[in-house]
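Structural description and commentary
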Amino acid sequence: MKSVLRVFIVLIIIIGGVLIIVAGKKPFPEPECLVCGPNLVRILGIAEIILGLGALVIQGNLIEKQRNL
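Since this is a predicted model, take the numbers as computed values, not measurements. (Residues numbered from 1 in each chain as written. Predicted model: local features only at pLDDT ≥ 70, side-chain atom pairs only at ≥ 80, totals over all residues. Heavy atoms only, no water.)

1. Structural notes on the side chain of Gln 59
- Turning to its location among the elements, Gln 59 is positioned in helix 2 (residues 38–68).
- A relative accessible area of 10% means that Gln 59 is categorised as buried.
- With sequence-adjacent residues up to four places away left out, Gln 59 is seen in contact with Ser 3, Arg 6 and Val 7. (Helix = DSSP H or I, 4+ residues; strand = E, 2+ residues; numbered from the N terminus. Buried < 20%, exposed > 50% of the residue type's maximum accessible area, 1.4 Å probe, protein only. Contact = heavy atoms within 4.5 Å.)

2. Quick word on the UniProt feature "transmembrane region" (unreviewed entry) in the protein
- As annotated by UniProt and renumbered to match this structure, "transmembrane region" (unreviewed entry) occupies residues 7–23 and 43–63.
- Overall, residues 7–23 shows 100% helix and 0% strand. The separation of its end C-alpha atoms is 24 Å. (UniProt positions renumbered as here; feature names shortened; annotations may be inferred.)

Structure follows, in C-alpha coordinates:
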(Lines give C-alpha, C1' and ligand atoms only; values in the text may rest on other atoms or scores of the structure.)
Protein backbone atom coordinates (compact mmCIF):
# COMPACT_ATOMS: atom_id res chain seq x y z
CA MET A 1 0.00 0.00 0.00
CA LYS A 2 2.87 2.36 0.79
CA SER A 3 4.44 1.79 -2.61
CA VAL A 4 1.19 2.59 -4.42
CA LEU A 5 0.91 5.82 -2.46
CA ARG A 6 4.50 6.77 -3.29
CA VAL A 7 3.99 6.06 -6.99
CA PHE A 8 0.80 8.14 -6.92
CA ILE A 9 2.66 11.06 -5.32
CA VAL A 10 5.43 10.87 -7.94
CA LEU A 11 2.85 10.85 -10.75
CA ILE A 12 1.26 13.96 -9.25
CA ILE A 13 4.69 15.63 -9.28
CA ILE A 14 5.19 14.73 -12.95
CA ILE A 15 1.73 16.03 -13.87
CA GLY A 16 2.51 19.21 -11.93
CA GLY A 17 5.66 19.72 -14.01
CA VAL A 18 3.69 19.34 -17.23
CA LEU A 19 1.10 21.83 -15.98
CA ILE A 20 3.85 24.31 -15.09
CA ILE A 21 5.23 24.08 -18.63
CA VAL A 22 1.80 24.43 -20.28
CA ALA A 23 0.51 27.20 -18.01
CA GLY A 24 3.82 29.05 -18.02
CA LYS A 25 3.73 29.77 -21.74
CA LYS A 26 0.81 32.18 -21.98
CA PRO A 27 0.55 34.73 -19.14
CA PHE A 28 4.08 36.16 -19.32
CA PRO A 29 5.53 38.51 -21.95
CA GLU A 30 8.56 37.21 -23.84
CA PRO A 31 11.68 38.76 -22.24
CA GLU A 32 15.11 37.89 -23.57
CA CYS A 33 16.73 37.00 -20.26
CA LEU A 34 16.93 33.41 -19.02
CA VAL A 35 16.09 34.07 -15.36
CA CYS A 36 12.84 35.92 -15.92
CA GLY A 37 9.56 35.12 -17.63
CA PRO A 38 8.52 31.85 -19.26
CA ASN A 39 12.06 30.56 -19.83
CA LEU A 40 12.59 30.06 -16.11
CA VAL A 41 9.12 28.57 -15.67
CA ARG A 42 9.73 26.15 -18.53
CA ILE A 43 13.13 25.11 -17.13
CA LEU A 44 11.62 24.53 -13.68
CA GLY A 45 8.81 22.45 -15.19
CA ILE A 46 11.26 20.30 -17.13
CA ALA A 47 13.41 19.84 -14.02
CA GLU A 48 10.36 18.77 -12.03
CA ILE A 49 9.41 16.18 -14.65
CA ILE A 50 12.97 14.79 -14.77
CA LEU A 51 13.18 14.56 -10.98
CA GLY A 52 9.76 12.93 -10.83
CA LEU A 53 10.75 10.31 -13.39
CA GLY A 54 13.98 9.67 -11.50
CA ALA A 55 12.04 9.19 -8.27
CA LEU A 56 9.69 6.78 -10.05
CA VAL A 57 12.64 4.69 -11.30
CA ILE A 58 14.25 4.66 -7.85
CA GLN A 59 10.94 3.65 -6.27
CA GLY A 60 10.58 0.80 -8.77
CA ASN A 61 14.09 -0.43 -8.00
CA LEU A 62 13.43 -0.36 -4.26
CA ILE A 63 10.20 -2.32 -4.65
CA GLU A 64 12.01 -4.92 -6.78
CA LYS A 65 14.78 -5.28 -4.20
CA GLN A 66 12.21 -5.77 -1.43
CA ARG A 67 10.55 -8.53 -3.42
CA ASN A 68 13.87 -10.33 -3.86
CA LEU A 69 14.57 -10.25 -0.13
